[in-house]
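In case you want the letters, here they are:
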Protein chains: 2
Amino acid sequence: MPESIRARLVQMEVRPGCPGENTAVMLDAIASARAERADFVIFPEMAIPGYLIGDEWEHVAFLRECEACAEEIRAASGGLTVLFGSVAMDWTRRNEDGRVRKYNAFFTAHDGAFVGPAGGPYPFVVKTLHPNYREFEDSRHFFGLRHLALEENRTPESLLAPVRVNGLDLGCVLCEDAWDADYAISPLRVLRARGAALMVNISASPFTFNKRRKRNQVFGAHAAALRCPIVYVNTVGIQNNGKTVFTFDGASAVYGSGGGMAAGPGPFESGAVTLDIPLDSGAAFGAQPEIRDDGIADLYAALTYGTRRFLELCGVDKVVVGVSGGIDSSVVAALYSRILPPDALLLVSMPGAYTSNTTRGLADALARNLGCLYTVVPIVDSAESTRRRLDGLDVRSPDGRRRTVLRCGERVMENIQARDRSARVLAAVAAAFGGVFTCNANKSEATVGYTTLYGDLGGFLASIADLWKTEVYALARHLNETVFGCETIPRGTLEIVPSAELSADQAVEAGRGDPLVYPYHDRLFQSWVEWWNRTTPEDILTWYADGTLAAKLKYDGDIGALFPSAAAFIADLERWWSHYQGMGLAKRIQAPPVLAVKRRAFGFDHREAQMGVRYTRAYTDLKRALLARCGCP
Amino acid sequence: MPESIRARLVQMEVRPGCPGENTAVMLDAIASARAERADFVIFPEMAIPGYLIGDEWEHVAFLRECEACAEEIRAASGGLTVLFGSVAMDWTRRNEDGRVRKYNAFFTAHDGAFVGPAGGPYPFVVKTLHPNYREFEDSRHFFGLRHLALEENRTPESLLAPVRVNGLDLGCVLCEDAWDADYAISPLRVLRARGAALMVNISASPFTFNKRRKRNQVFGAHAAALRCPIVYVNTVGIQNNGKTVFTFDGASAVYGSGGGMAAGPGPFESGAVTLDIPLDSGAAFGAQPEIRDDGIADLYAALTYGTRRFLELCGVDKVVVGVSGGIDSSVVAALYSRILPPDALLLVSMPGAYTSNTTRGLADALARNLGCLYTVVPIVDSAESTRRRLDGLDVRSPDGRRRTVLRCGERVMENIQARDRSARVLAAVAAAFGGVFTCNANKSEATVGYTTLYGDLGGFLASIADLWKTEVYALARHLNETVFGCETIPRGTLEIVPSAELSADQAVEAGRGDPLVYPYHDRLFQSWVEWWNRTTPEDILTWYADGTLAAKLKYDGDIGALFPSAAAFIADLERWWSHYQGMGLAKRIQAPPVLAVKRRAFGFDHREAQMGVRYTRAYTDLKRALLARCGCP
């Protein structure tokens, strides 16, 4: 066994569904690695096909192309060892759905030939642990090592052998294989016991708020416990599941067996580093890994990266943002101003009958500060003309036997205005401008459907729909203080009460705004959506009853001050829970793609079925007891 | 062992996510079974919780409620045996995502106690085969018997034991356990070898066109091969995954060991039958199972059932349909007229600048024939007023340094009209009427995005979006000939050329309509979407080149007559493929829920990622060769 090896970690941007393009990038990187005299060049999991590609896995022509690309990489491996992830087929066997057998595979191409684990059926390593939660669905497409072991009448452990290259035993694992805390088997431990002297984890692991900290903890602990260095190579770029767009930040690194970590290219950077890795057990290597929480700057980085890449993916270079003078649209406009040149960004203010001079002025000021294109298209006349046409309309059956009269009440008029802005003005302006328009909804609104379908919920991408309203404010401050270094989002936008300004009840200048108390409701909704064990009204009411709710939610205000009685608390809880499970969900189904930056963005990471509004019997019993105790009806 | 047993098959309508309601239904059914002196009362898989319920499985309060409900069923089983499916928890273990251990379980409650398989760790049967394709995702939530075997260091076969009740060995399996063709293990065969004398399969298996035929084949063959009767109990109702709404038709039955089948309640009927089932091996039982293809009448039944139940689920009792005089909206209006009373159905005709007198008259005639509410709201003035406001609009940055002029060309105006109809008129009319409006898109349009976002792609439910255009015509004929028994959808609607009538190019009266040749393109798109092995342009072009395309697609026209040259064929193929993978997909992400009636409705059964338009290298090579051969550039 050599004392150290020289490895080139290639944190490449994988283009999902584009094997040819990815292979071209890999061939270039192999040439660079050769110039650097690297022993190993290491690419991420699914470097050739991409990872989140929907049912593209079921296209046989695509699979054949991936196979041909892997052959090209093999042929290019003369004189060194290339480690990479791709899909591997066994055309003689079937998956359990009857389609061709596919593996999420780790390939080792050494000097022109593939090398597999000793005693295994294939010249590649098969992923052992298949994540099947959140946005992951490995078992939908790939046959795992544990099922393979059953089929072969062997134990999984017997199939987990190191890959031997130049006298060095490599422990080759894929992504989840190292996140083994909740599995009955630990591939890394098995491989170490079988003599692996260097672990290589190749991953396709999306960015999630605070995941880097967890990653450093998990891999640092593995390296220390196994007394074996671990190379970690992850992809960058964006990949999506249709409704949910994920960013990949890379964070490739080497974790030393005696502690320490050497970082690869920066977050969201495609690039490569060459590192000489000592192999003797217990060798310190690099600096101590940073164990810190992510902050608003990390969210900002992910949002701008993801939005820029999504625009490129869609081939879009012009964007229209409807701006109201409020916080959400201002933040979105400011984000896009960091991505697009000012003549490719068009802000549209669309004052309605209830738009205040204050917000009108704030929208103007934002446009001045950003220096981009700007226009004002009032919607007062068009909304009024729709009202005149429909309100009081006498509708009959052709034979005159049935009739009704339509009425446009206040709620109907609110939505007419919102749809007029998005579906009539913005969509047409975007088309005439040769671009798209944005969805400015935040996660608080999306949770309870405090948006209008075909209105403000329309747009090509919901860039900030994974941020709670309170986080949107934090991002606004970060933009002014750090990104722009000056008041770009007008201070007034941060100071006014948030309001839809769609009716006389929502008068900003009188301080009347949204029905949500964001500091509280954001925490409540977060517990419904983002907690690992999502809460339901039963949990919430139990904690309310025993006085621990504020602490549980980490809400630092006084819940008693918000709700004078149990009846008021329950009415609020049920109001928003019913919106969340009812209209909110119906609207989310038709919402634009959401840029995911945290755990459980709406869409593929948070699967929902329309089932009506439901409460458990335990909730109903507790509610009854609480209301009886406070003498409420 | 008894000579025969009396079983009550309860084909119940399961309300997903509503354990209390489902349990109440089950308790009633147990009382009826007792009155019938049944030995066994058999409910479907996941009878208590429902099956397609998204991530509701991760709500601990919900799981506890399901557990309590199962206890109620157990307590009610005095004097007989109750077989039912539900979720089972092992609170001492974890799933691989770290959440509580959950099983898709088959419970046997016998005279007040749960009875599990001999030698197993639990008093219930654990599902062995987890479907993880199409809309199914059992492995996301449940721990399967094969993983349990690995964890327990046993073989799966050793855990597959019959459940013994009153001296009878029952082979208890869940749904996919019987669809074992592509698995390394056959639970039914193992159970038969271990002495099971009666097989019981409880299922939650959605309706799919022609699935009943396949089901009769599979279960009939199992019963014959095992020489053992099989009881099959499936659920009815609707369940959804948000984007995709599935109907369940039941089709519960008993398959005799000597051939034959006794059917339970009719398709989509909630009800129960009591059957005396002979247990001696080889006993004939009932009539030969019907092995026939489904037809348009079966689609009609599924569509009306699913739409009716979805209205109930959403609490909606008034519906608005925008009618153009064309085939899609006419069929949708006719479907709803079979579901709602005429004063709860409002048709709205919205003639625009390019609407012909022909289609205007057809919309009028349809409304007369259906006798429901009807009104005409022209959009000519409003579309023109949007054009006047935006076309030529001079847009500048506030400092005047940047500027552009907006232009509303023909395509922009087409979409302005479509959005004006849906997002301005229909949405407001529906709100004022106190109801919802429908999406009338068909599968051909949805495939290639031949629809307008926030326009005709809007609506609360896309009832016919799983039907190709040619199937919509077939349904129209079925409605007239069989359902109504008279010309309800005007003959003219079936005879005119299909057209969007959004521009001068789409003049119905001049015979100018959609750019799709539906009899051909429907078959082409079907091969991309619905075939088990979905085709790609590489397959299509290969078949075109070798002259087998028409036969492969079962297209009975002449492809050479449609496309005079390879260049023309390729241009058409790439036009629609790029729409399918590009704008079509972007639109589908924001489409309403689709009522699924066939394999691979858009949504959860056909997972798509936005990745741009892609062709394999083999396709590109073949295209180059074909074009060179025909002398095209």
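Up top is the structure these notes are about.
Residues numbered from 1 in each chain as written. Chains lettered and ligands numbered in written order. Predicted model: local features only at pLDDT ≥ 70, side-chain atom pairs only at ≥ 80, totals over all residues. Heavy atoms only, no water.

### Focus on the packing of helix α9 (residues 327-337) of chain B against helix α14 (residues 469-483) of chain B
Residue and element names in this part refer to chain B.
Part 1: Axis separation between α9 and α14 bottoms out at 10 Å; the angle between their running directions is 45 degrees. Here α9 lies oblique to α14, going by the angle between them. Here α9 and α14 pass one another in a crossing that is left-handed. Every residue of α14 that contacts α9 at Ile327, Asp328, Val331, Ala334 and Leu335 is listed here: Lys469, Val472, Tyr473, Leu475, Ala476 and Leu479.
Part 2: When its residues are assigned to classes, the contact of α9 with α14 shows nine nonpolar, no polar and two charged. (Axes fitted to C-alpha atoms, helices over the stretch in contact; angles between N-to-C directions. Helix = DSSP H or I, 4+ residues; strand = E, 2+ residues; numbered from the N terminus. Parallel < 35°, antiparallel > 145°, perpendicular 65-115°, else oblique. Left-handed = near helix turned anticlockwise from the far one by under 90°. Contact = heavy atoms within 4.5 Å. Nonpolar A, V, L, I, M, F, W, Y, C, P; charged D, E, K, R; others polar.)

### Examining the environment of Gly120(B)
Part 1: With respect to the helices and strands, Gly120(B) occurs in the loop between β5 (113-114) and β6 (125-126).
Part 2: Between the alpha carbons of Gly120(B) and Leu160(B) there is a distance of 8.1 Å; along the sequence they are 40 residues apart.

### A look at the nonpolar core
Part 1: Ranked by size, the top nonpolar core spans 219 residues in total, and within it Phe43(A), Phe84(A), Phe43(B) and Phe84(B) carry the most contacts.
Part 2: When near neighbours in sequence (up to four residues on either side) are disregarded, Phe43(A) contacts Val10(A), Met12(A), Met26(A), Ala29(A), Ile30(A), Val82(A), Leu83(A), Phe84(A), Gly85(A), Ile202(A) and Val233(A). (Core = buried A, V, L, I, M, F, W, Y, C linked by side-chain atoms within 4.5 Å. Buried < 20%, exposed > 50% of the residue type's maximum accessible area, 1.4 Å probe, protein only.)

### Let's talk about the sheet that holds strand β12 (residues 244-249) of chain B
Residue and element names in this part refer to chain B.
Part 1: Pairing in this open sheet of three strands is mixed, and the strands run β11-β12-β22 from one edge to the other. Each having just a single partner strand, β11 (236-240) and β22 (594-596) make up the two edges of the open sheet. Averaged over all pairs of adjacent strands, the angle between their axes in this sheet comes to 25 degrees, without regard to strand direction.
Part 2: Taken together, the three bridges between β12 and β22 define a ladder with parallel strand orientation. By the bridge assignment for β22, phenylalanine 246 is matched with alanine 596.
Part 3: Helix α8 (residues 296-314) rests against β11, β12 and β22 of the sheet, and its axis sits at about 65 degrees to β11. (Pairing = 2+ DSSP bridges.)

### Digging into the interface of chain B and chain A
Part 1: In this complex, chain B contributes 117 residues to the contact, which on the side of chain A involves 118 residues.
Part 2: Our count for the contact surface shared by chain B and chain A stands at 16 salt bridges.
Part 3: Note that Arg146(A) is salt-bridged to Glu96(B), the shortest N-O span being 2.4 Å.
Part 4: Across the contact surface, chain B and chain A share 44 residue pairs in polar contact (both at pLDDT 80 or more).
Part 5: Sorting elements by how many residues they give to the side of chain B that touches chain A places helix α12 (residues 410-433) of chain B first, with 13 residues. (Salt bridge = Lys/Arg side-chain N within 4 Å of Asp/Glu carboxyl O. Polar contact = N/O pair within 3.5 Å; in protein donor to acceptor, adjacent residues only side chain to side chain.)

### A closer look at the relation of the copies chain B and chain A
Part 1: With an RMSD of 0.0 Å, the operation that places chain B on chain A is a rotation of 180 degrees combined with a shift of 0.0 Å along the axis. Here the two chains are linked by the operation of a two-fold rotation axis. Of the C-alpha atoms belonging to chain B, the one lying closest to the rotation axis is found on Gln590(B), 2.1 Å away.
Part 2: Counting the interface residues of chain B, we find that 100% of their copies in chain A are interface residues as well, pointing to one common contact surface. (Least-squares fit on C-alpha atoms with pLDDT ≥ 70 in both.)

### A short note on the side chain of Ser205(B)
Residue and element names in this part refer to chain B.
Part 1: Structurally, serine 205 is set in the loop between β9 (198-203) and α7 (211-226).
Part 2: Here lysine 211 takes part through its side chain, which lies 2.9 Å from a polar atom of the side chain of serine 205.
Part 3: Filtering out sequence-adjacent residues up to four positions away, serine 205 remains in contact with Cys175, Lys211, Arg215, Tyr232, Asn234, Phe248 and Asp249.

### Overview of the pattern of salt bridges
Pairs can form between side chains of opposite charge whenever their charged atoms are close.
Part 1: On inspection of all chains with the given rule, the structure shows 95 salt bridges over all chains.
Part 2: In this structure, Asp249(B) and Arg215(B) form a salt bridge, with 3.7 Å as the shortest nitrogen-oxygen distance. Taken together, the residues Asp249(B) in strand β12 and Arg215(B) in helix α7 connect sequence positions 34 residues apart.
Part 3: Exposure remark for Arg215(B): the relative accessible area of 1% places this residue in the buried category.
Part 4: Between Arg387(B) and Asp391(B) there is a salt bridge; the shortest N-O distance is 3.5 Å.
Part 5: Overall, Arg387(B) belongs to the partly exposed group, its relative accessible area being 27%.
Part 6: Through salt bridges with shared partners, a single ionic network connects Asp55(A), Glu58(A), Asp97(A), Arg99(A), Arg140(A) and Arg534(B).

### Section: unusual backbone geometry
All names here are of chain B.
Part 1: Its identity is not glycine, yet arginine 134 carries a phi of approximately 50 degrees, on the positive side.
Part 2: Mapped onto the secondary structure, arginine 134 falls in the loop between β6 and α3 (138-141).
Part 3: You can call arginine 134 buried: its relative accessible area is 8%.
Part 4: Here the phi dihedral of asparagine 210 falls at roughly 75 degrees; this positive angle occurs in a residue that is not glycine.

### Description of the environment of Tyr336(B)
Residues and elements named next belong to chain B.
Part 1: Turning to its location among the elements, tyrosine 336 is positioned in helix α9.
Part 2: Here tyrosine 336 falls in the buried class, since its relative accessible area comes to 1%.
Part 3: With 129 residues separating them along the chain, tyrosine 336 and alanine 465 place their C-alpha atoms 15 Å apart.
Part 4: Sequence-distant contacts of tyrosine 336, defined by excluding residues within four places in its chain, comprise Thr307, Leu311, Val319, Leu345, Thr438, Phe460, Leu461 and Ser463.
Part 5: For tyrosine 336, the side chain forms a polar contact with the side chain of serine 463, separated by 3.4 Å.

### So, the side chain of Ser203(B)
All names here are of chain B.
Part 1: Within the element layout of this structure, serine 203 appears in strand β9.
Part 2: Note on serine 203: relative accessible area 0%, which makes it buried.
Part 3: Here asparagine 201 takes part through its side chain, which lies 2.5 Å from a polar atom of the side chain of serine 203.
Part 4: When near neighbours in sequence (up to four residues on either side) are disregarded, serine 203 contacts Pro44, Glu45, Cys175, Tyr232, Val233, Asn234 and Thr235.

### Comments concerning helix α22 (residues 617-629) of chain A
Residues and elements named next belong to chain A.
Part 1: Between the first and last C-alpha of α22 there are 18 Å, a value that for 13 residues agrees with the 18 Å anticipated at 1.5 Å per step.
Part 2: Of all the positions in α22, only Tyr619, Leu626 and Leu627 are classed as buried. When α22 is viewed along its axis, its buried side chains cluster within an angular range of 95 degrees and face the same direction. Seen from the open side of α22, the exposed residues pointing more than 90 degrees away from its buried face are Arg624, Ala628 and Arg629.
Part 3: At its buried positions, α22 is contacted by α17 (537-545) and α20 (566-581).
Part 4: Note on α22: the residue one or two positions beyond its end, glycine 631, has a positive phi of about 70 degrees. (Expected span 1.5 Å × (residues − 1). Arc of directions from axis to C-beta.)

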